[in-house]
Amino acid sequence: MAGSKKLERNLYESERNFRLLVEGITDYAIYMLDPEGHVANWNKGAERIKGYKAKEIVGQHFSRFYTPEDRAAGRPRKALETARKEKHFLAEGWRVRKDGTRFFASVVIDPIYEKRRLVGFAKITRDITERQNALTELLKSESQFKTLVGGVTDYALYMLDPNGIVANWNAGGERIKGYSAAEIVGQHFSRFYTPVDQAAGKPARALGIAVETGHYEEEGWRVRKDGSFFWASVVIDPIRNDAGELIGFAKITRDISERKAAEERLSAMQRQLAESQKFDALGQLTGGVAHDFNNLLMIISGSIHAIRKEVAGEKALRALQSIDRASQRAASLTRQLLTFARRQSVQPQSIKLSERLESLRDVLSSGLGSAVSLTIDVADDVWNIVVDPGEFETALLNLVINARDAMPDGGTLTIAAKNLPDKNQVAISVEDTGVGIPDDIAAKVFDPFFTTKAVGKGTGLGLSQVHGFAHQAGGTIALKSVLGSGTTITMCLPKATTQAMNGKGQVSLKGSGTVLLVEDNPEVANVSTGLLEQLGYAVRWATNASAALAELEKDGIDIVFSDVVMPGKMDGIALAKTIRRKKPEIPILLVTGYSASTKEIGLQFPILRKPYQLHELSRELQKLALN
């Protein structure tokens, strides 16, 4: 008996402890239902979670915890049936508290049998509203992120699997690369690379670098669906799970073709600026020495005329001719340098292109030789151009000679011209069928002293003169060449607004009257006086502008022949303008080896270039007399 009572007491204590345990739990609602679903007991967790006290809810049907829509759908009954049939029921859903508020619950229902007879159900409910809200916010955030990524059109944002297969695709990918998601998802991303990059293994190398360093970034050419290329900024980042395992790559591509084009334009402008600065520096250097150098040549060439009258021996005459040719060659080189530097003294006038080229045909043909045929294709309706005739002819001859040298086995040279109405210019092209020019050489052909010819075969100033002439005339020059097919050089020169000037006419080598020579260099003055006297003129000499004005007050001066560059406050141009105001009837001829200030005078005064020949001086003086 004692043993039986002890067992009963232990069982009672165990049940009591279990009941206290269950009733004391507050995080879970733990209670019993009878077979019909009525609440049989109630713990503190149920009171805290659902808001009912035990005396309020015991005996009530558990369906009142369900939402109206769930009750209407018969879900409480179905839950008990499922628990009875499957020995377990597990669900999550919205439930209702006493005060009508809702919470998200995790629900477990297990049937309870006694001697194989259903006596009720054990029901455990947990409030997981916070977890559900967090999950809802996470899903919402993910949805918003997908919407954001999907709506971005300026960037291609997509995922790759570890092997480089496209896993998803956004609107930016479709806009930039041309593929829809249906076309590209499941394809390897290497198809965006150029064939050259694919052959070089660049796609695999990009993923390898991303895995190894944690990031890959570059710019390069990529290919759209239609085969066109675009310049892309590419970023690839590896994606790993919590265990550190590679699960794919995030890839961002941006089309920066416009930025690259802008950078290239800026680079081209910077190169042009550097070229301009280089040309300007060379021009300043050239101009700085040209005046003195031409004065020296003037002394040499002018003295030749005086010596020739005194020398009779054949050897001496041959030596004199050699000196004369050398001085003329030196003068020609100086003119080419000045033309390249755009500092040559020019006298632009309107010329009819078709007539001028026809008059030069024999000269050009003789320069080409028999192996090269010359074609001149200039319609009669091509506009007149405004250029210095002598500089234009020199430029054209330089182009022809260079074209000839580019056709060692002969060929065809075509000189053509056409009007450019949108620019008010005439395009004059010289095209050959020669060997062509490589790109690296083409970039240098207009540089002074650059030549591909053998030593002694060229000075490297021919195309430099053409470049300088075109720009000084207010035009441009361009070169187009294909290796093995030939070269075309095109000068675009300004259209004339006046009719072409008449021919030069015949002038006499003899003149008369008194010339006021204004020259600060005594040696140059001495040579110039000798040349003027040979032409029959009387000469008065003034060393500067002030002395010249004083000499003019004495009257008896028929022509003023003045150097442009002189010491003192007044140079030759200022002197000429002063004389024009005071004595407009006196003709004025200016002479210069080089002066930047001659650009200002335009056609106001004729200019003779140093060093000049006797017949050139005679011609200019006779023109003044005829006017």
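The structure presented is a predicted model; accordingly, all values stated were derived computationally and were not measured.

**Quick notes on the sheet that holds strand β14 (residues 476-482)**
Sheet architecture is open: 5 strands sit in the order β10-β12-β13-β15-β14, paired in mixed fashion. This sheet does not close on itself; its edge strands, each paired only once, are β10 (372-377) and β14. Adjacent strand axes in the sheet meet at a mean angle of 15° when their direction is disregarded. In this sheet, strand β13 (residues 425-432) lies alongside strand β12 (residues 411-420) in antiparallel orientation, the contact comprising 8 bridges. Bridge assignment links Asn-419 to a residue of β13, and that residue is Val-426. Most of the contacts of helix α13 (residues 353-368) go to β10, to which it runs at about 175°, and overall it touches β10, β12 and β13. Contacts from helix α14 (residues 389-405) reach β12, β13 and β15 (486-494) within the one sheet, and its direction differs from that of β13 by about 25°.

**Focus on the pattern of salt bridges**
If you walk through the whole model with that rule in mind, you get 24 salt bridges. Close ionic contact of Arg-259 with Glu-219 constitutes a salt bridge, the shortest N to O distance being 2.3 Å. Of this pair, Arg-259 sits in helix α11 (residues 257-310) while Glu-219 sits in strand β6 (residues 216-223), placing them 40 residues apart in sequence. For Arg-259, a relative accessible area of 39% corresponds to the partly exposed category.

**Comments concerning the pairing of β14**
As paired strands, β14 and β15 are joined by 7 bridges and run antiparallel to one another. Looking at β15, one finds that Ile-477 is bridged to Met-491. Where β14 folds back on β15, the antiparallel hairpin that results is connected by 3 residues, among which Gly-484 adopts a positive phi of roughly 85°.

**Let's talk about the sheet that holds strand β18 (residues 559-563)**
If you walk across this open sheet you meet the 5 strands as β17-β16-β18-β19-β20, and the pairing is parallel. Where the open sheet ends on each side, the last strands, each with one partner, are β17 (538-542) and β20 (607-609). With strand direction ignored, the average angle separating the axes of adjacent strands in the sheet is 25°. As defined by bridge partners, strand β16 (residues 514-518) adjoins β18 across 4 bridges and the pair is classed as parallel.

**Notes on the pairing of β15**
Burial analysis of β15 places 7 of its 9 residues in the buried class, which makes it a mostly covered element. By the bridge criterion, 7 bridges tie β13 to β15 in an arrangement that is antiparallel. Bridge pairing links Gln-425 to Pro-494 in β15.

Rules used throughout
Residues numbered from 1 in each chain as written. Predicted model: local features only at pLDDT ≥ 70, side-chain atom pairs only at ≥ 80, totals over all residues. Heavy atoms only, no water. Pairing = 2+ DSSP bridges. Helix = DSSP H or I, 4+ residues; strand = E, 2+ residues; numbered from the N terminus. Axes fitted to C-alpha atoms, helices over the stretch in contact; angles between N-to-C directions. Contact = heavy atoms within 4.5 Å. Salt bridge = Lys/Arg side-chain N within 4 Å of Asp/Glu carboxyl O. Buried < 20%, exposed > 50% of the residue type's maximum accessible area, 1.4 Å probe, protein only.

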